[in-house]
Amino acid sequence: MRGTRALIHLDNLSHNIREIKRFIADRTALCIAVKANAYGHGAVECAKVAVECGVSFLAVATVEEGLELRNAGITAKILLLSLCHPTEVETAVLHDITPLVFDTEYIARFAEAARSAGKIHYSVHLAVDTGMGRIGCLPHEAAQLARAISDSGVLVQGGTCTHFAVSDSIQPNDRSYTDAQFARFTEAIGAIEDAGLSPGLRHCCNSAATLDRPEFHLDMVRPGIIAYGSYADEISKEYLSRKGTPIDLKPVMTLCSTVSATRMFESGKSVGYGRTWTAPATTEIAVLPVGYGDGWLRRFSESDVSVAIDGKPYPLRGRICMDQCMVDLGKASGVRRWDTAVLFGDRTHGALQTADDLARKTGTISYEITSCITSRVPRVYLRQDVRQHRSFEAPFHSGISGLQQPDRKSLSPR
Ligand SMILES: *Cc1c(COP(=O)(O)O)cnc(C)c1O
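Residues numbered from 1 in each chain as written. Predicted model: local features only at pLDDT ≥ 70, side-chain atom pairs only at ≥ 80, totals over all residues. Heavy atoms only, no water.

Undergrad: I would appreciate a short explanation of the overall build of the protein chain in the present structure.
TA: For the protein chain, the helix and strand inventory stands at 13 helices and 19 strands. Taking 414 residues into account, the globule formula puts the C-alpha radius of gyration at 22 Å, and the protein chain, at 24 Å, falls close to it. Structurally, the protein chain occupies a C-alpha span of about 80 × 45 × 40 Å along its principal axes. Pairs at least 24 residues apart make up 66% of the contacts formed inside the protein chain by residues separated by at least 6 positions. About 18,000 Å² of surface is accessible on the protein chain, with carbon and sulfur atoms providing 51% of the total. Taking the average place of the 46 positive charges on the side chains of the protein chain and the average place of its 46 negative ones, the gap between the two points comes to 7 Å. (Helix = DSSP H or I, 4+ residues; strand = E, 2+ residues; numbered from the N terminus. Rg over C-alpha atoms; globule rule 2.2 N^0.38 Å. Contact = heavy atoms within 4.5 Å. Areas by Shrake-Rupley, 256 points an atom, 1.4 Å probe, with all protein chains shown as cover. Lys, Arg positive; Asp, Glu negative; His and termini not counted. Charge placed at Lys NZ, Arg CZ, Asp CG, Glu CD.)

Undergrad: Any chance you could explain the side chain of S366 here in plain terms?
TA: Following the sequence through the fold, S366 ends up in helix α12 (residues 366-371). Of the residues examined, S366 reaches a relative accessible area of 4% and is grouped as buried. Side-chain polar atoms of S366 contact the side chain of D356, separated by 3.3 Å. The residues touching S366, leaving out its near neighbours within four places in the chain, are I225, S230, Y231, A355, D356 and A359. (Buried < 20%, exposed > 50% of the residue type's maximum accessible area, 1.4 Å probe, protein only. Polar contact = N/O pair within 3.5 Å; in protein donor to acceptor, adjacent residues only side chain to side chain.)

Undergrad: I tried to follow helix α8 (residues 172-194) on my own but got confused; where do I start?
TA: An α-helix turns once every 3.6 residues. As a result, residues three or four positions apart point the same way. The end-to-end C-alpha distance of α8 is 33 Å, a good match for the 33 Å that 23 residues give at a rise of 1.5 Å each. Along α8, the residues classified as buried are D174, T178, Q181, F182, F185, A188, I189 and I192. Elements in contact with the buried residues of α8: β6 (122-127), α7 (142-151), β7 (155-161) and β8 (201-205). G196 lies just past α8 and shows a positive phi near 80°. (Expected span 1.5 Å × (residues − 1).)

Undergrad: Can you walk me through the sheet that holds β6 in this structure?
TA: Two modes of strand pairing occur in sheets, parallel and antiparallel, and in both the strands are linked by backbone hydrogen bonds. The strand order β2-β3-β4-β5-β6-β7-β8-β9 describes a closed barrel built from eight strands, whose pairing is parallel. Across two bridges, the pairing between strand β5 (residues 97-101) and β6 is parallel. Looking at the pairing, L100 lines up with H125 of β6. On the sheet, helix α4 (residues 63-71) packs against β3 (57-60), β4 (77-80) and β5 and is oriented at approximately 170° with respect to β4. Together, β5, β6 and β7 form the strand contacts of α7, whose direction differs from that of β6 by roughly 170°. (Pairing = 2+ DSSP bridges. Axes fitted to C-alpha atoms, helices over the stretch in contact; angles between N-to-C directions.)

Undergrad: Would you explain unusual backbone geometry in this entry?
TA: Positive phi, normally seen in glycine, also occurs at N37, with a value near 55°. You can see N37 is positioned in helix α2 (residues 35-39). The phi dihedral of W338 falls on the positive side, at around 75°, and the residue is not glycine. Take W338: its relative accessible area is 44%, and that puts it in the partly exposed class.

Undergrad: How should I be thinking about empty space enclosed by the protein in this particular structure?
TA: Taking a probe equal in size to a water molecule and rolling it over the atoms shows the remaining empty space. Under the counting rule described, the total for this entry stands at one cavity of 30 Å³ or more. By volume, the largest cavity amounts to about 70 Å³. If you trace the largest cavity, you find 13 residues lining it, with Y228, S230, P251, A355 and T370 closest to the centre. Its residues assigned to classes, the lining of the largest cavity comprises seven nonpolar, five polar and one charged. (1 Å grid on protein atoms, 1.4 Å probe; cavity = no way out; pocket = protein on both sides within 12 Å on 5 of 7 lines; lining within 4 Å. Points joined across faces, edges and corners; volume = space filled by probe spheres on them. Nonpolar A, V, L, I, M, F, W, Y, C, P; charged D, E, K, R; others polar.)

Undergrad: I keep staring at the pairing of strand β1 (residues 5-9) and nothing clicks. Help me out?
TA: The side chains of a regular strand alternate, first on one face of the sheet and then on the other. With respect to burial, β1 is a largely interior element, five of its five residues being buried. Along β1, one buried face is formed by R5, L7 and H9 and the opposite face, lined by A6 and I8, is buried too. Where β1 meets strand β10 (residues 253-258), four bridges bridge the pair, whose relative direction is antiparallel. Opposite L7, over in β10, you have T254 as the bridge partner. Bridging between β1 and strand β19 (residues 379-382) involves four bridges; their strand directions are parallel. Opposite I8, over in β19, you have Y381 as the bridge partner.

Undergrad: I'm lost on α7 in this one. Help?
TA: Where α7 is concerned, the buried positions are A142, A143, L145, A146 and I149. Angular distribution of buried residues about the axis of α7 spans 165°; they occupy a single face of the element. What points out from α7, more than 90 degrees from its buried face, is the exposed set Q144 and D151. If you follow the buried residues of α7, they end up packed against β5, α6 (104-116), β6, β7 and α8. Backbone geometry just after α7 places G153 at a positive phi near 85°. (Arc of directions from axis to C-beta.)

Here it is, written out as structure tokens:
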């Protein structure tokens, strides 16, 4: 296996899901978003853990993502959060993937596909746009569309949902915006009920609202990012502690690489494309076999980003290339070839920054950092099982598994 890999701490995932469950009432169902390859963490493995933890739904963004889960033998309910292409409707129906619908064309297509597949009660959820400005019907159209679902004869309204635009902000005007969205959602649900129809499961909370707005949980919540151990922007660890509703989230992904070369650079020698950095004095430079082709984004080069080697931070130098990047070891670091470098992740596994920290430094969000880790990076799934830890740890020289570090002397080159 190559020296760059993403360790996926499945125990942290189940820990986070247990933590989320503390925030919701027993009667509230839990849907975990596993779209975009579980935010980069590996959809099938993460979905299996979520199912073991007793979630009611898994949420995907594409029919193919749903199929991947079905092909892996996952029989849990799957909610499709984005609209699919008309050519995918039949596949969605054949694999019992529950779509969001919000117009008569889409309702008719799903009804037709369900009828041809011989289904008699095919569940769809009605999406209402209460202010996200993406998909969904307008609140005043909800009752009439609920009627169209019911009149189709084959579809049932398994749920009604909306999505918040600024629930991850604690600014008063943003909080009022979320309140107004919820009020419009409640009205739409009221209109459906007044028409003598059932809205099914009512759900609106993403991660931020799940943690910050317990009064909006209704019948189901749909968190994603917090399951993977990141906080949702301003709904931070500190904010939640101050509020008296603390949550302990643990990063699920640790991205690590291996020092593949170290060399002394004389003063004046430049590093990499564009010659953006030149050694001001004699400096030792390490090469890591990880670059933007792995999702270690090129624009991280412009920020003050360091990586951890044996618990100490070393700054990136020069531009991140497609397959490699360079790190400043200073003068006498003691870092050796084949040492492990931890780019971000869980502190107990040697990281000095979480995906949240890295996101803050580089002007993005943790969602983008983990979901951009490409398929070229092997995911190594870890559970509490010690033997598993050992077998994966063998090629590494520093303690990334949280186990006893091997004696460095015993690892000197033969
Ligand atoms: C992605 C998504 C979620 C989960 O969002 P997080 O911020 O990761 O919790 C919930 N609902 C919808 C509609 C989504 O697209």
